[in-house]
Structure formats: C-alpha cells, structure tokens
Amino acid sequence: MTLWKTWPEVSSAENPFSTYLALLWEENFEFIPGLEFRLVYLVVVGDVMLISGVVIWLLSRQWFYLPGKTGLLECPFCKKRWRSNPDKGLVHCPHCRQLVHPRMVHK
Ligand SMILES: [Zn+2]
C-alpha cells in the first residue's frame, strides 16, 4: 500500500530509498473521508501486526517453555508414571518404550 502510493515519486527519484522514507512522513491519505493518516502509520501498524503474528505463531508451536504445563502421566501398559507435557497425544513411554496415549493422573 505504501509502495503503491509513493511509487510515482520513488521510481523517478535519484535515491529511491531515502525518497520513500521521506514520503512516508509527508504523504497523507484519506482512509476514512475526513480523517487523514500519514503513510508511516500504516508501516507502524503493519510492523506491530507482523511482530504479534510471529509471537503468536511461536507460542502456538510451543517453542517457548511455559512453566506449569507439566502433568503426571501414566502408561496404560506398564502403569508407570512420569512427568511431561500433557498436551502431547502420542508419546513414547520412558519406561517400556511403547508408543502410547498416556493417561493423565490427577493429584
Ligand atoms: Zn510403559
């Protein structure tokens, strides 16, 4: 959007990058009639959404360790128990090495 708005000036400028940055602060556009925005607002909002999107994606992949997310699990075969993340479906039992759906044990 910002590139599209500034392209006529940027493409004919000697130094396209600095012209683009300068235009971000100078160009106004009417997103809602009567309300003027500067192009730089779009860049800021876009960056914030991009960063929050990445953070949410990382959290959803559980790459960060969240404290308090361990539970006591019980193997349906050997009945032994171990502590792990209860959200995982199929896991290898650390005692008998079988691929199991562990049972959650409530304290
Ligand atoms: Zn087991």
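Residues numbered from 1 in each chain as written. Predicted model: local features only at pLDDT ≥ 70, side-chain atom pairs only at ≥ 80, totals over all residues. Heavy atoms only, no water.

Undergrad: Honestly, the side chain of Glu74 in this entry has me stumped. Any pointers?
TA: Structurally, Glu74 can be placed in strand E3 (residues 71-74). If we ignore the near neighbours within four places in the chain, the residues touching Glu74 are Lys79, Lys80, Arg81, Trp82, Pro102, Arg103 and Val105. (Helix = DSSP H or I, 4+ residues; strand = E, 2+ residues; numbered from the N terminus. Contact = heavy atoms within 4.5 Å.)

Undergrad: Got a minute to help me understand the coordination of the zinc ion in this structure?
TA: Ideal coordination angles are 109.5 degrees for a metal with four donors arranged tetrahedrally and 90 or 180 degrees for a metal with six donors arranged octahedrally. Distances from the zinc ion to its protein donors, Cys75 (SG), Cys78 (SG), Cys93 (SG) and Cys96 (SG), fall at 2.2 to 2.3 Å. Angles of 103 to 117 degrees at the metal separate the 4 donor atoms of the zinc ion, which places the site in the tetrahedral class. Sequence spacing of the donors to the zinc ion: C-x2-C-x14-C-x2-C. A residue pair is termed long-range when its members are at least 10 positions apart, and Cys78 in the loop between E3 and strand E4 (81-84) and Cys93 in the loop between strand E5 (91-92) and strand E6 (99-100) qualify at 15 residues. Classification of Cys93 as buried rests on a relative accessible area of 0%. (Donors = N, O, S within 2.8 Å, 3.2 Å for Na, K, Ca; no water. Tetrahedral: all angles 85-135°; square planar, octahedral: opposite > 155°, others 65-115°. Buried < 20%, exposed > 50% of the residue type's maximum accessible area, 1.4 Å probe, protein only.)

Undergrad: Please explain unusual backbone geometry as it appears in this structure.
TA: Residue Lys79 is not a glycine yet carries a positive backbone phi of 65 degrees. Relative to the helices and strands, Lys79 resides in the loop between E3 and E4. In this structure Lys79 comes out as exposed when scored by relative accessible area, which is 54%. Here Arg97, not a glycine, exhibits a phi torsion of approximately 65 degrees, which is positive. Mapped onto the elements, Arg97 comes out in the loop between E5 and E6.

Undergrad: Looking at this structure, I do not really get the sheet that holds E4. What am I missing?
TA: In a beta sheet, neighbouring strands are held together by backbone hydrogen bonds and run either parallel or antiparallel to one another. Judged by pairing direction, the sheet is antiparallel, and its 3 strands sit side by side in the order E4-E3-E7 without closing on themselves. The open sheet terminates on both sides in strands that have one partner only, identified here as E4 and strand E7 (103-105). Averaged over all adjacent pairs, the angle separating strand axes in this sheet is 45 degrees, with direction ignored. Bridge analysis of E3 against E4 gives 4 bridges, and the strand direction is antiparallel. Within E4, the position partnered with Glu74 by the bridge is Arg81. (Pairing = 2+ DSSP bridges. Axes fitted to C-alpha atoms, helices over the stretch in contact; angles between N-to-C directions.)

Undergrad: I tried to follow the environment of Leu21 on my own but got confused; where do I start?
TA: Looking at where Leu21 falls in the secondary structure, it is placed in helix H2 (residues 16-26). Placed 11 residues apart in sequence, Leu21 and Val10 show a C-alpha to C-alpha distance of 9.6 Å.

Undergrad: What is the right way to look at the packing of helix H1 (residues 2-12) against helix H3 (residues 39-60) in this model?
TA: Packed helices, taken two at a time, are described by their axes: the angle between them and the distance between them. Contact geometry for H1 and H3: axes closest at 10 Å, N-to-C directions at 140 degrees. Between H1 and H3 lies a crossing of left-handed hand. For the pair formed by H1 and H3, the contact residues are Thr2, Lys5 and Thr6 on the first element and Leu39, Leu42 and Val43 on the second. (Left-handed = near helix turned anticlockwise from the far one by under 90°.)

Undergrad: Where do I start with a nonpolar patch on the surface in this structure?
TA: Taken together, the side chains of Ile51, Val55 and Leu59 present a nonpolar region at the surface, about 260 Å² in accessible area. As for its placement among the helices and strands, Leu59 is situated in helix H3. For Leu59, a relative accessible area of 41% puts it in the partly exposed group. (Patch = residues over 30% accessible without salt bridge, like charges linked within 9 Å, V, L, I, M, F, W, Y side chains within 5 Å. Areas by Shrake-Rupley, 256 points an atom, 1.4 Å probe, with all protein chains shown as cover. Salt bridge = Lys/Arg side-chain N within 4 Å of Asp/Glu carboxyl O.)

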